[in-house]
Amino acid sequence: MFRSRVLVLLFRGLLLLSAFTACYSKQYTQTFVSNSNFDNPERWVGHGVPCAEDSIVFNEDQVVSIFVQTNASIKELYFPLNGEFIFADGVVWSADESLSPCVGDDHGDHVLTYNSDPYNWFDIGNWQGSDENGDELSSKDLLDIEKIPCDFDTAAFPLKQSWMVSMPEDINLHRLVIWNQDFDSATFSNYRTTGRGRYQFTGSGVISAERAICSDVTGCACRAGDSLQSLICGMVTCYDVSCSLPISAAGQCCQLCGAVLTISYTQAYRESALQQLMVDLDQNVQYTGVHHILSKIDSYSRKLEISEPFVQVLITDENTGTSTGSNAKDYATALYNNILACKT
């Protein structure tokens, strides 16, 4: 019986499906969803977004990049010595209280300060993934390390937003888009020296965006090695799970309920063939609500005692309580049996 533990399967190629030669590899768009906009209440300390009769105080040594998209009534304002305020078309700031967006009695006559701490590029809470059709991905569709833009992903910073982002490590991307403008390595490096770019992107990290694509028919890892996993997971909070036998997976920060297939492979293996097996299995209504993540892991796994790159399928479901993960285990058993059938 398949249990909720790691299963190591020697996988020497889907021989009956070797005609599938197209390369399947995840290539998503990751959109930066956090912002340093003026109307972002998470950025203000004191009493939410500034209202009429409020005083706004920036420390003189703060470095900010703030997009202002709404009118504001301001009683008193102390600017920082460094930074930028980007005003949308038609926005007005004045002492006229009618411009205030606030309603109710508990507003005004507060002193508000602005939190200018930069967001961290490697914080998974700052990103939302979408597929090639623009549909948002569930958090169950990506490993934690894949929720940060991977080497073959597009990182997008949307229009009418501003950000202050720290990049403590180097970053490889397929494509970088800021306000609908494409940047490669050279143009982004230049952008960081401009008035706007130097406030928005800080840190010692360098971005390389040269439109690299995965050309390996066995699939490509999110990024080479696992040197960034500790950085990513250091910003993730883990919670207790409801199942009695939680699992751990490569690329995942926390234990969860479900199943893992860990697969060694040779060059006869085709990622597209395994993907097709999963697509076929998805048609079974029995597996409604099951999520699976097919990944190439390009790092040493001490827990699994695997020193070569390997393929991993992490399977979870939407069950709750003590039944969490039960459908995932059934799916894993069926997929395992289908793989064995393809080898005979």
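Residues numbered from 1 in each chain as written. Predicted model: local features only at pLDDT ≥ 70, side-chain atom pairs only at ≥ 80, totals over all residues. Heavy atoms only, no water.

Draft legend 1. Main features of the pattern of salt bridges. In total, this model carries five salt bridges according to the counting rule given. Residue Asp182 is joined to Arg175 by a salt bridge in which the shortest nitrogen-to-oxygen separation is 2.5 Å. Among the residues examined, Arg175 registers a relative accessible area of 29% and is labelled partly exposed. A salt bridge links Lys296 to Asp216, with the shortest nitrogen-to-oxygen separation between them at 3.6 Å. Placement of the pair is Lys296 in strand β21 (residues 291–297) and Asp216 in the loop between β19 (207–209) and α3 (229–233), with a sequence separation of 80 residues. On the basis of relative accessibility, which here comes to 27%, the residue Asp216 falls in the partly exposed class. Each of Arg175, Asp182 and Arg211 takes part in one network of salt bridges that share partners. (Salt bridge = Lys/Arg side-chain N within 4 Å of Asp/Glu carboxyl O. Buried < 20%, exposed > 50% of the residue type's maximum accessible area, 1.4 Å probe, protein only. Helix = DSSP H or I, 4+ residues; strand = E, 2+ residues; numbered from the N terminus.)

Draft legend 2. Quick peek at the sheet that holds strand β11 (residues 119–120). On the basis of which strands lie adjacent, the open sheet formed by three strands has the order β11-β14-β18 and parallel pairing. Two strands bound the open sheet, and with one partner strand each, they are β11 and β18 (201–202). Where β11 lies against strand β14 (residues 165–166), two bridges are found, and the strand directions are parallel. By the bridge assignment, Asn120 is partnered in β14 with Ser166. (Pairing = 2+ DSSP bridges.)

Draft legend 3. Geometry of the state of the cysteines. Summed over all chains, the structure comprises five disulfides. The disulfide partner of Cys150 is Cys222, and the gap between their sulfur atoms is 2.0 Å. Residues Cys150 and Cys222 share a disulfide whose torsion about the S-S bond is about -90 degrees; that sign makes it left-handed. Here Cys222 lies in the loop between β19 and α3 and Cys150 lies in the loop between β12 (127–130) and β13 (154–157), a separation of 72 residues in the sequence. Its relative accessible area of 9% is what places Cys150 among the buried residues. In this model Cys243 forms its disulfide with Cys257; the gap between the sulfur atoms is 2.1 Å. Taking the sign of the torsion about the S-S bond as the criterion, the disulfide between Cys243 and Cys257, at about -95 degrees, is left-handed. You can see Cys243 sitting in the loop between α3 and β20 (259–264) and its partner Cys257 sitting in the loop between α3 and β20, a full 14 residues away along the chain. (Disulfide = S-S within 2.5 Å.)

Draft legend 4. A look at the confidence of the model for the chain. Taken residue by residue, the chain gives an average pLDDT of 86. The fraction at 70 or more is 87%. Below a pLDDT of 50 lies the segment residues 1–24, which in the model reaches 72 contacts outside its immediate sequence neighbourhood of four places, other chains included. (pLDDT = per-residue confidence, 0-100. Contact = heavy atoms within 4.5 Å.)

Draft legend 5. Region of interest: the environment of Asp109. Structurally, Asp109 can be placed in the loop between β9 (93–94) and β10 (111–114). Overall, the relative accessible area of 62% leaves Asp109 in the exposed class. Residues Asp109 and Pro50, 59 residues apart in the sequence, show an inter-C-alpha distance of 9.8 Å. Discounting residues that sit within four places of it in the chain, Asp109 has contacts with Ala52, Glu53, Asp54 and Lys75.

Draft legend 6. Region of interest: unusual backbone geometry. Phi is positive for Glu53, which is not a glycine, with a value near 75 degrees. Structurally, Glu53 can be placed in the loop between β3 (44–45) and β4 (55–57). Relative accessible area serves as the criterion here: at 34%, Glu53 is assigned to the partly exposed category.

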